[in-house]
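# Notes for the structure review
Chain by chain, the residues run as shown.
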Amino acid sequence: MLVYEVCVDVDPAIRAEYVAWLRGHVDEILALPGFLGADTFEVLDPAGEDGWFGLCVQYRLRDAAALDLYLRD
């Protein structure tokens, strides 16, 4: 198994909209071949500046070939 991590900093003005969009996006990604699951975390340290907040999604994939296919296509 392989973990592919995506971390972003989000403007607090769009927090609710972004989190709602992210839920659907993660579901779309999990429907792709080789993706086994995902966990989403709020990043607490380091704290964001000016109210920005961090999110990190860790996708679990079957293997490196599945990640290569995703990144290629």
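Located above this text is the structure these notes cover.
Description of the structure in this document.

Let us look at unusual backbone geometry. Note the cis peptide between Asp 45 and Pro 46, where omega equals 10°. Of note, Pro 46 is situated in the loop between β2 (35-43) and β3 (53-61). Positive phi outside glycine occurs at Asp 50, with the angle close to 55°. Within the element layout of this structure, Asp 50 appears in the loop between β2 and β3.

Here we have three strands laid out as an open sheet, ordered β1-β3-β2, and antiparallel in their pairing. Of all the strands in the sheet, the pair left with one neighbour each is β1 (2-10) and β2. On average, each strand axis in the sheet is inclined to that of its neighbour by 15°, with strand direction left out of account. Across nine bridges, β1 lies against β3 in antiparallel orientation. Pairing of Tyr 4 across the sheet is with Tyr 59, part of β3. Contacts between helix α1 (residues 15-30) and the sheet are confined to β1, β2 and β3, with β3 contributing the most and set at about 10° to the helix. Docked against the sheet, helix α2 (residues 64-72) engages β1, β2 and β3, running at close to 40° with respect to β1.

The rules we used
Residues numbered from 1 in each chain as written. Predicted model: local features only at pLDDT ≥ 70, side-chain atom pairs only at ≥ 80, totals over all residues. Heavy atoms only, no water. Helix = DSSP H or I, 4+ residues; strand = E, 2+ residues; numbered from the N terminus. Pairing = 2+ DSSP bridges. Axes fitted to C-alpha atoms, helices over the stretch in contact; angles between N-to-C directions. Contact = heavy atoms within 4.5 Å.

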